[in-house]
Amino acid sequence: QVQLVESGGGLVQPGGSLRLSCVGSGSTFSIYSMGWYRQAPGKQRELVAGISSVGITNYGDSVKGRFTISRDNAKNTVYLQMNSLKPEDTAVYYCNARLTLAQNYWGQGTQVTVSS
């Protein structure tokens, strides 16, 4: 089982930047596909960005060109660099680790609020 702890959320003005971090437990972190999802009030959880065990990345259409996902397996950590933030990026951001349908884990979430 993998335990995930997110950090780095907060309040930022439109156009600003934040970097989220997610630290995972266990010695098998590197074999998991990792992802960042978000959920805004009244909306479904959506994929923000994903990174495979070999570093292949994919992004949601609304964040392409603004967000960057990366991972440091030596630190059991995945990052989400968020630039040019918009009010519509406001949501709770969740870290996900997935190996199989049964081995699919979530962090507790971190709030990101973009407002002036």
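In every chain, residue numbers begin from 1 and rise along the written sequence. Since the coordinates come from a predicted model, pLDDT governs what is reported: local features require at least 70, and pairs of side-chain atoms require 80 or more to be given and counted, while whole-chain, interface and lining totals use all residues. Remark: hydrogens and water are excluded; side-chain values derive from all non-hydrogen atoms of the structure.

Asks: Looking at this structure, I do not really get the overall build of the chain. What am I missing?
Replies: If you tally the helices and strands in the chain, you get zero helices and eleven strands. Across the chain, helices and strands are ordered from the amino to the carboxyl terminus as β-β-β-β-β-β-β-β-β-β-β. In summary, the chain has a C-alpha radius of gyration of 13 Å against a globular reference of 13 Å for 116 residues, a match within 12%. Each principal axis of the C-alpha atoms in the chain carries an extent, and together these give about 40 × 25 × 25 Å. The burial tally for the chain puts 41% of its 116 residues in the buried class. Only DSSP runs of H or I reaching four residues or more are called helices, and only runs of E reaching two or more are called strands; each is numbered from the N terminus. Each radius of gyration is computed over the set of C-alpha atoms, and the globule rule expresses the reference value as 2.2 Å times the number of residues to the power 0.38. Note on classification: 1.4 Å probe, protein chains only; a residue is buried when its accessible area is under 20% of the maximum for its type, exposed when over 50%, partly exposed between these limits.

Asks: How do you make sense of the pairing of strand β4 (residues 33–39) when you look at a structure like this?
Replies: A regular strand carries its side chains on alternate faces of the sheet. Note on pairing: DSSP must find at least two bridges between two strands before they are called paired. As paired elements, β4 and strand β9 (residues 91–98) share seven bridges and run antiparallel to each other. Its bridge partner lying in β9, S33 is registered against R98.

Asks: Before we go on, may I ask you to explain the nonpolar core in this structure?
Replies: Nonpolar side chains tend to gather and get buried jointly when the protein is soluble and globular. Core analysis: the largest hydrophobic core is formed by 28 residues, its most contacted members being M34, W36, L80, M82 and Y93. For this core, the secondary-structure elements that each account for two or more residues are β3 (18–24), β4, β5 (46–51), β7 (67–72), β8 (77–82), β9 and β11 (110–114). Per-element tally for this core: the top contributor is β9, with four residues. For this analysis, a nonpolar core means a set of buried residues of the types Ala, Val, Leu, Ile, Met, Phe, Trp, Tyr and Cys, connected via side-chain atoms within 4.5 Å.

Asks: When you look at the packing of aromatic side chains in this model, what are you seeing that I'm missing?
Replies: The geometry of an aromatic ring pair is captured by the separation of the ring centres together with the interplanar angle, meaning the angle of the planes. The rule is short: rings of Phe, Tyr and Trp, with Trp giving its six-membered ring, pair when the centres are within 6.5 Å, and they are stacked under 30 degrees, edge-to-face over 60, tilted in between. Following the criterion strictly, the structure yields two aromatic pairs and no others. Seen in terms of ring centroids, Y32 and Y105 are 6.2 Å apart; in terms of plane orientation they differ by 55°. Their pairing is tilted. Placement of Y32 in the loop between β3 and β4 and of Y105 in strand β10 (residues 104–106) is noted, with a sequence separation of 73 residues between them. Each member of the pair Y32 and Y105 is classed as buried.

Asks: Can you help me understand the pattern of salt bridges in this one?
Replies: Once their charged atoms are close, side chains differing in charge can pair, the charge on each being opposite to the other. Here, a salt bridge means any Lys or Arg side-chain nitrogen found within 4 Å of an Asp or Glu carboxyl oxygen. A complete count under the given rule lists four salt bridges for this structure. For E46, the salt bridge is made with R38, and the minimal N-O distance between the two is 2.7 Å. Its relative accessible area of 35% is what places E46 among the partly exposed residues. Overall, the relative accessible area of 6% leaves R38 in the buried class. Between R38 and D89 there is a salt bridge; the shortest N-O distance is 2.9 Å. Placement of R38 in strand β4 and of D89 in the loop between β8 and β9 is noted, with a sequence separation of 51 residues between them. Ionic contacts of the salt-bridge type, sharing partners, join the residues R38, E46, R66 and D89 into one network.

Asks: How should the sheet that holds strand β1 (residues 4–7) be read in this particular structure?
Replies: Within a sheet, each strand pairs with its neighbour through backbone hydrogen bonds, oriented either parallel or antiparallel. Across the sheet, which stays open at both edges, the four strands sit in the order β1-β3-β8-β7 with antiparallel pairing between neighbours. The open sheet has two edge strands, β1 and β7, and neither has a second partner. Ignoring strand direction, the axes of neighbouring strands in this sheet form an average angle of 15°. In this structure, β3 lies alongside β8, joined through six bridges in antiparallel fashion. Its bridge partner lying in β8, V23 is registered against T77. The axes used here are C-alpha line fits, helices contributing only the stretch in contact, and every angle between their N-to-C directions lies in the interval 0 to 180 degrees.

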